[in-house]
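Spelled out, the chains give:
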Amino acid sequence: RGRAAALTLSTWLLALAFAGQAFAFYGTTAWLPSLLVDGGMPAVQAGAVAAIFQVMGVAGALLTPVLTGRFSAAPAAVIIGVGWLAIPLGFLLAPDGWLVWCLVGGLAQGAGITWVFIMLNGFGGDERVVAGRSGTVQGVGYAAGALAPPLLGGVHDATGGWAPALLILLGAVAELLVAGAVGARIGVREARERW
């Protein structure tokens, strides 16, 4: 019963949201320095900017419990997804704003993974239900994350530019935003009704 209850629609939506989060995170982490260098930035500076993206993730993770407490789960997912859009949209439309995109996107990436792990418990259930949900969500999410660096790198190599790879990244972020918001709404309702 516990395993079957864990694999609800909200679990699969949370898995899709985490797949978008993990894909965007690992893809950005792998290729952000190269993207910056190809845009004319010295390699040392590009490495420092990538570090800013990572450090801002710590701040995003710490702010997420406040965000979910103040806005609830679904609006928090939307805020995080919109923040994540800074990376693909920012670099597609205004690459000279790299510092802003990395600050905002860094906050969002730290918030995104923390939000997913809050929701693993936030959707309710006993230990078996939460463990089943966690296994599904993490299995799907990390599998998607593992695909991101080779896929984005291959697309870049095949096309000779970063725009197609950034569009794929944009799709992953949109998946996080939509699946996260819808999944949170359903999951919180299920938690109230079932547990």
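Since the structure is predicted, the reported quantities are computational estimates derived from the model, not experimental observations.

*Asks:* When you look at the side chain of T8 in this model, what are you seeing that I'm missing?
*Replies:* Examined against the element boundaries, T8 turns out to sit in the loop between α1 (2-6) and α2 (9-38). Residue contacts for T8: discarding those within four places in its chain leaves E190 and R194.

*Asks:* Please clarify how the environment of G20 should be interpreted in this entry.
*Replies:* By the secondary structure assignment, G20 is in helix α2. Residues G20 and A148, spaced 128 residues apart in sequence, show a C-alpha to C-alpha distance of 9.9 Å. Other than its neighbours up to four places away in sequence, G20 contacts A172, E175 and L176.

*Asks:* How should I be thinking about the packing of aromatic side chains in this particular structure?
*Replies:* Each aromatic ring pair is specified by the distance between its two centres and by the angle formed by the two planes. Applying the stated criterion to the full structure yields 5 aromatic pairs. Judged by centre distance (5.9 Å) and plane angle (80°), the ring pair of F18 and F117 falls under edge-to-face. Residue F18 is located in helix α2, and its partner F117 is located in helix α6 (residues 98-122); the two are separated by 99 residues in the primary sequence. In this structure F117 comes out as partly exposed when scored by relative accessible area, which is 31%. Note on W31 and W162: the rings are 5.7 Å apart at their centroids and 50° apart in plane angle, and the pair reads as tilted. Linking W31 in helix α2 with W162 in the loop between α7 (127-159) and α8 (163-194), this pair joins segments that are 131 residues apart in sequence. Overall, W31 belongs to the partly exposed group, its relative accessible area being 27%. Put simply, the rings of F18, F117 and Y142 pair up and form one aromatic cluster.

Rules used throughout
- Residues numbered from 1 in each chain as written.
- Predicted model: local features only at pLDDT ≥ 70, side-chain atom pairs only at ≥ 80, totals over all residues.
- Heavy atoms only, no water.
- Helix = DSSP H or I, 4+ residues; strand = E, 2+ residues; numbered from the N terminus.
- Contact = heavy atoms within 4.5 Å.
- Phe/Tyr/Trp six-rings, centres within 6.5 Å; stacked < 30°, edge-to-face > 60°.
- Buried < 20%, exposed > 50% of the residue type's maximum accessible area, 1.4 Å probe, protein only.

So yeah, pure geometry; function would need other evidence.
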